[in-house]
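As a plain string of letters, each chain reads:
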Amino acid sequence: MFALELASAPINSSFSDRFGGGGNGDEPASSIPSEFRSKYSTSFADYPQPLSDPVRTRIWGPPVVRGSADPGGPGICAFILTLFSFLLILATFPLSLCFSVKVVQEYERAVIFRLGRLLKGGARGPGIFFIVPCIDTYRKIDLRTVSFDVPPQEILSRDSVTVAVDAVVYYRVHNPTIAVSNVENFSHSTRLLAATTLRNVLGTKNLAEVLSERETISHTMQSSLDEATDPWGVKVERVEIKDVRLPVQLQRAMAAEAEAAREARAKVIAAEGEQKASHALREAAEIISESPGALQLRYLQTLNTISAEKNSTIIFPLPIDILKHFIKPDKKDKK
């Protein structure tokens, strides 16, 4: 391999001797940055790793361990163990089928490791799959949506108000291989991350925003969690804020404020009603004063209303004509 050839070069060889241009299509030595030439001109073994993957691959090929032919393949011990396991399966056939044949459900996948290495082909399932009992281990991963409650978090809002907020998170595994190989316990890690994300998001909001913008907060949490758990093979589908609990003193203050606002609004409505009623009464009085017969009918209607009630008062109707002598004539009538 190209990397092994580079590793076998003399230690005191220069950078240009190893990576200089040639007739094989390599780039000329002048195209290599001067900082790389001056810093890494002693030995390939001393070449560090901070370079980016494209630069490192262009200069000295894919990273391998010097002295090993292929670190990605099994060694001689692994080959012997594998051969011994297959011989044992053949010797104990068909009893070995009970230990070799496994089944996963439609909503499950099996990630198989052979001698500690992830088996090629990705996760197995659904249905039947085979393992070698002596050298294979597997882990079942449920692909269904899972929900969990975020414990109530004591959060200090931006306006210095302490509130207790809890939430519920829905997630599922979209890549079983990554969920097993990249994180020790993806479920526990997602729960811890959800609690910290809830604190971080609500810490940037004031109390009014926490109470009124739950949907926006849920969407922000869902985006943050989904982005953070994607390297774990986890997809966060939904986040919902369940409850926001306020301190008792703050609840009383808010209740008193709301009650005062309701009373003020009730007084305004009553005053507006009185104003409208007074305008209506003035218009009715003007209309009745223009017609003496209407005044007499209103007088009789009032007497009928009073006499309908059960009371001990005796009412004697008084003709309206007698009252005219006690009523002072208006200036308009005098004219």
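What you see is a predicted model, and the numbers here were worked out from it, not measured in a lab. (Residues numbered from 1 in each chain as written. Predicted model: local features only at pLDDT ≥ 70, side-chain atom pairs only at ≥ 80, totals over all residues. Heavy atoms only, no water.)

Looking at the overall build of the protein chain
On a plain count of helices and strands, the protein chain comes out with 14 helices and 8 strands. In the protein chain, of all internal contacts separated by at least 6 residues, the share reaching a separation of at least 24 is 63%. Of the roughly 22,800 Å² that the protein chain leaves accessible, carbon and sulfur atoms contribute 58%. (Helix = DSSP H or I, 4+ residues; strand = E, 2+ residues; numbered from the N terminus. Contact = heavy atoms within 4.5 Å. Areas by Shrake-Rupley, 256 points an atom, 1.4 Å probe, with all protein chains shown as cover.)

Description of the packing of helix α8 (residues 186–202) against helix α10 (residues 214–229)
At a closest axis distance of 10 Å, the pairing of α8 and α10 adopts a crossing angle of 135°. Classified by the angle between their axes, α8 and α10 sit oblique to one another. In the crossing of α8 with α10, the sense of the turn from one axis to the other is right-handed. When α8 is examined against α10, the residues T190, L193, A194, T197, L198, V201 and L202 are found in contact with a partner set consisting of I217, T220, M221, S224, L225, A228 and T229. When its residues are assigned to classes, the contact of α8 with α10 shows 9 nonpolar, 5 polar and no charged. (Axes fitted to C-alpha atoms, helices over the stretch in contact; angles between N-to-C directions. Parallel < 35°, antiparallel > 145°, perpendicular 65-115°, else oblique. Left-handed = near helix turned anticlockwise from the far one by under 90°. Nonpolar A, V, L, I, M, F, W, Y, C, P; charged D, E, K, R; others polar.)

Let's talk about the packing of aromatic side chains
On inspection of all chains with the given rule, the structure shows 2 aromatic pairs. Plain terms: the ring middles of F129 and Y138 are 5.5 Å apart, the flat faces sit at 80° to each other, and that makes the pair edge-to-face. Centroid distance F148 to Y171: 5.8 Å. Interplanar angle 65°. Geometry classified as edge-to-face. Note that F148 is positioned in strand β6 (residues 146–156) and Y171 in strand β7 (residues 162–173), a separation of 23 residues in sequence. Residue F148 shares its accessibility class with Y171, and that shared class is buried. (Phe/Tyr/Trp six-rings, centres within 6.5 Å; stacked < 30°, edge-to-face > 60°. Buried < 20%, exposed > 50% of the residue type's maximum accessible area, 1.4 Å probe, protein only.)

Digging into the confidence of the model for the protein chain
Per-chain confidence: the protein chain averages 75 in pLDDT, with 68% of residues scoring 70 or above. With pLDDT under 50 throughout, residues 35–70 is counted as low confidence; its partners more than four residues away or in other chains account for 55 contacts. (pLDDT = per-residue confidence, 0-100.)

Here's the deal with the pattern of salt bridges
In total, this model carries 9 salt bridges according to the counting rule given. The partner of R245 in a salt bridge is D166, and the shortest N-O contact between them spans 4.0 Å. Highlighted residues: R245 in strand β8 (residues 234–245) and D166 in strand β7, separated in sequence by 79 residues. Among the salt bridges present, the one from E237 reaches R172, with a minimum N-O distance of 2.6 Å. One end of the pair, E237, is in strand β8; the other, R172, is in strand β7, with 65 residues separating them in the sequence. In the salt-bridge network here, residues are joined through shared partners; they are D166, D243 and R245. (Salt bridge = Lys/Arg side-chain N within 4 Å of Asp/Glu carboxyl O.)

Section: the sheet that holds strand β3 (residues 117–118)
The strand order β3-β2-β5 describes an open sheet built from 3 strands, whose pairing is antiparallel. The open sheet terminates on both sides in strands that have one partner only, identified here as β3 and β5 (136–142). (Pairing = 2+ DSSP bridges.)

Here we look at the UniProt feature "transmembrane region" (unreviewed entry) in the protein chain
Mapped onto this structure's residue numbering, the UniProt feature "transmembrane region" (unreviewed entry) falls at residues 76–97. Overall, residues 76–97 shows 77% helix and 0% strand. The separation of its end C-alpha atoms is 27 Å. (UniProt positions renumbered as here; feature names shortened; annotations may be inferred.)

Here's the deal with a nonpolar patch on the surface
Together, I76, F79, I80, L83, L87 and L90 line one region of the surface with nonpolar side chains, adding up to about 660 Å² of accessible area. Here L83 shows up in helix α5 (residues 76–91). What makes L83 partly exposed here is its relative accessible area of 45%. (Patch = residues over 30% accessible without salt bridge, like charges linked within 9 Å, V, L, I, M, F, W, Y side chains within 5 Å.)

What about the sheet that holds β7?
As summarised here, the arrangement of the 3 strands in space is β6-β7-β8, forming an open sheet in which the pairing is antiparallel. Each having just a single partner strand, β6 and β8 make up the two edges of the open sheet. Neighbour to neighbour, the strand axes of the sheet diverge by 25° on average, direction disregarded. The sheet contacts of α8 involve β6, β7 and β8, and relative to β6 the element is tilted by about 35°.

A look at the nonpolar core
Residues V150, V163, V165, V169, F186, L198 and I241 are the most contacted members of the largest nonpolar core, which totals 33 residues. Among the elements of the structure, β2 (108–114), β6, β7, α7 (176–181), α8, α9 (207–212), α10 and β8 are those that each provide at least two residues to this core. Once residues within four sequence positions are removed from consideration, I241 is found in contact with V165, D166, A167, L198, R214, I217, S218 and M221. Core analysis: the next-biggest nonpolar cluster, separate from the first, contains 5 residues, V104, A110, F129 and I131 among them. (Core = buried A, V, L, I, M, F, W, Y, C linked by side-chain atoms within 4.5 Å.)

Looking at the side chain of D226
Topologically, D226 is positioned in helix α10. Setting aside its immediate chain neighbours within four residues, D226 contacts V234, K235 and V236.

As for the side chain of S157
Positionally, S157 belongs in the loop between β6 and β7. A polar atom in the side chain of S157 sits 2.4 Å from the side chain of D159. When sequence neighbours within four positions are dropped, the list of residues in contact with S157 reads L202, G203, K205, N206 and L207. (Polar contact = N/O pair within 3.5 Å; in protein donor to acceptor, adjacent residues only side chain to side chain.)

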